[in-house]
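Residues per chain, in single letters:
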Amino acid sequence: LNQFHSVTPVLEIEPENGEFELYAYDVPTDSDVPAITKTLDECAAENAAAFKDFLGTIVDVPKEWDDVKEKIAYALWLCHREISGKEVIVENKYNSAKTNSQLMSIASLAFTDPVKAVNMILAYPVEAPLYVGIAANRLIEDNLLNDSRGEIFRVYAALETAARKWVTDRTTDKDGLSFYAYRFESGAAKSPEFFKAGEPVFAPDLNAYLVLVSEVIGKLAIMEYDDGVGQKWETRAKELLRQLIGELWNGEDFIGKNAYTGELSGPDKLLSLVPIILGNRLPSNVIAKLAPKIDAEITDSASGLLLVSGLYDAGEQTAAKEIALKALNGVRSGGVTCPFYAASLLALAHKVL
């Protein structure tokens, strides 16, 4: 039935001796139809219990939003899979292939179980710094990492390997800003405005993510009692932040810069706002310019809601709360289909309300 995308399927049923049994399954197209071993009522009761258990693994929100939390949790539950022994969230219930490391970092933000959250972050190799620093920093801030389970080192090793690649292979001098070599490494659906300056390009979103990742690596190293390595990464984070503002901030917007010619681009509507994830690490004049640009269009996505969390950290708590409440009311009235938007909204509501 999943193949009848734009029409209503019609089934002709011919009873045998006046009786028939009909079983309908809503399953992914790459899954087998399960064997029938229980009655409909038994299956419903079993699924209700499983959903209740799942609901207990995600972050809390104020009680008046419990009905919305259930809607959000249901979207996550429907898209919850085990693939090749890994627990993941996929983009929709019909397709188990639409997920990746970056999306799993966003999904992890919704869960309170540290083992589940860490396994989601590391379900796929961490190759790019997008979102993973935000996810790992949340684990540190909420004191969810447990050294006895080896979680600190697992997260540290994955992030350090990814960050080192961008420092070694994607800088012009091994100490400065990192660049995108190709147009779609940013994860954007279309080519970012920055690439009008040509390739490769120093991009503000990439380097903002790297500031956060470097800082997180430093914290994790210190938690592992390696103060020297920790201080090295924290120093890099501070220097990278200095260069991000010094080279890619033009007084009004963050812009791109060709890594070899120095040609500058204009700002990108979304990616130029990503540095707000750095919160109060940014100067107040930069925050004041970025905050008004984070509007409803920008926040209508999983990655856009991550910016609102940064807005909150930047001291714009009232604006962040208003955006979160508007999004929650939207889910209350219209529901939610994207599990990654659901996870990002749930994490935001947990943080700012």
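Residues numbered from 1 in each chain as written. Predicted model: local features only at pLDDT ≥ 70, side-chain atom pairs only at ≥ 80, totals over all residues. Heavy atoms only, no water.

Colleague: Hey, could you run me through unusual backbone geometry in this one?
Modeller: Peptide bonds are trans in most cases, and residues, glycine excluded, mostly fall at negative phi. Here the residue pair Glu199 and Pro200 is connected by a cis peptide bond, since its omega of -10° sits within 30 degrees of zero. Of note, Pro200 is situated in the loop between strand 3 (179-180) and strand 4 (201-202). At Tyr131, a position not held by glycine, the phi torsion is positive, near 70°. As for its position among the elements, Tyr131 is in the loop between helix 4 (114-121) and helix 5 (132-141). Phi is positive for Asn143, which is not a glycine, with a value near 55°. The class for Asn143 is exposed, based on a relative accessible area of 66%. (Helix = DSSP H or I, 4+ residues; strand = E, 2+ residues; numbered from the N terminus. Buried < 20%, exposed > 50% of the residue type's maximum accessible area, 1.4 Å probe, protein only.)

Colleague: In this structure, what is going on with the pairing of strand 1 (residues 80-83)? I would like to understand it.
Modeller: Successive residues of a regular strand alternate their side chains across the two faces of the sheet. The pairing of strand 1 with strand 2 (residues 86-89) spans four bridges and is classified as antiparallel. The partner of Glu82 across the bridge, within strand 2, is Glu87. (Pairing = 2+ DSSP bridges.)

Colleague: Any chance you could explain a nonpolar patch on the surface here in plain terms?
Modeller: A surface patch of nonpolar side chains, about 310 Å² in accessible area, is lined by Ile13, Phe20 and Leu22. Within the element layout of this structure, Leu22 appears in the segment before helix 1 (40-55). (Patch = residues over 30% accessible without salt bridge, like charges linked within 9 Å, V, L, I, M, F, W, Y side chains within 5 Å. Areas by Shrake-Rupley, 256 points an atom, 1.4 Å probe, with all protein chains shown as cover. Salt bridge = Lys/Arg side-chain N within 4 Å of Asp/Glu carboxyl O.)

Colleague: How should I be thinking about the packing of helix 5 against helix 7 (residues 204-223) in this particular structure?
Modeller: Packed helix pairs are specified by the crossing angle of their axes together with the interaxial distance, meaning the distance between the axes. For the pair helix 5 and helix 7, interaxial distance at closest approach is 8 Å and the crossing angle is 35°. Between helix 5 and helix 7 the crossing geometry is left-handed. Facing Val132, Gly133, Ile134, Ala136, Asn137 and Ile140 of helix 5, the residues of helix 7 in contact are Tyr209, Leu212, Val213, Val216, Lys219, Leu220 and Met223. Grouping the constituent residues of the contact of helix 5 with helix 7 by class yields 10 nonpolar, two polar and one charged. (Axes fitted to C-alpha atoms, helices over the stretch in contact; angles between N-to-C directions. Left-handed = near helix turned anticlockwise from the far one by under 90°. Contact = heavy atoms within 4.5 Å. Nonpolar A, V, L, I, M, F, W, Y, C, P; charged D, E, K, R; others polar.)

Colleague: Explain the pattern of salt bridges to me, please; I cannot follow it from the model alone.
Modeller: Where charged atoms from two side chains of opposite charge approach closely, those side chains can pair. Summed over all chains, the structure comprises 17 salt bridges. Between Arg281 and Glu215 there is a salt bridge; the shortest N-O distance is 2.7 Å. Within this pair, whereas Arg281 is found in the loop between strand 5 (257-258) and helix 9 (284-290), its partner Glu215 is found in helix 7, the two being separated by 66 residues in sequence. On the basis of relative accessibility, which here comes to 27%, the residue Arg281 falls in the partly exposed class. For Glu252, the salt bridge is made with Lys289, and the minimal N-O distance between the two is 3.0 Å. Placement of Glu252 in the loop between helix 8 (227-248) and strand 5 and of Lys289 in helix 9 is noted, with a sequence separation of 37 residues between them. Judged by its relative accessible area of 41%, Glu252 is partly exposed. The exposure class assigned to Lys289 is partly exposed, which follows from its relative accessible area of 33%.

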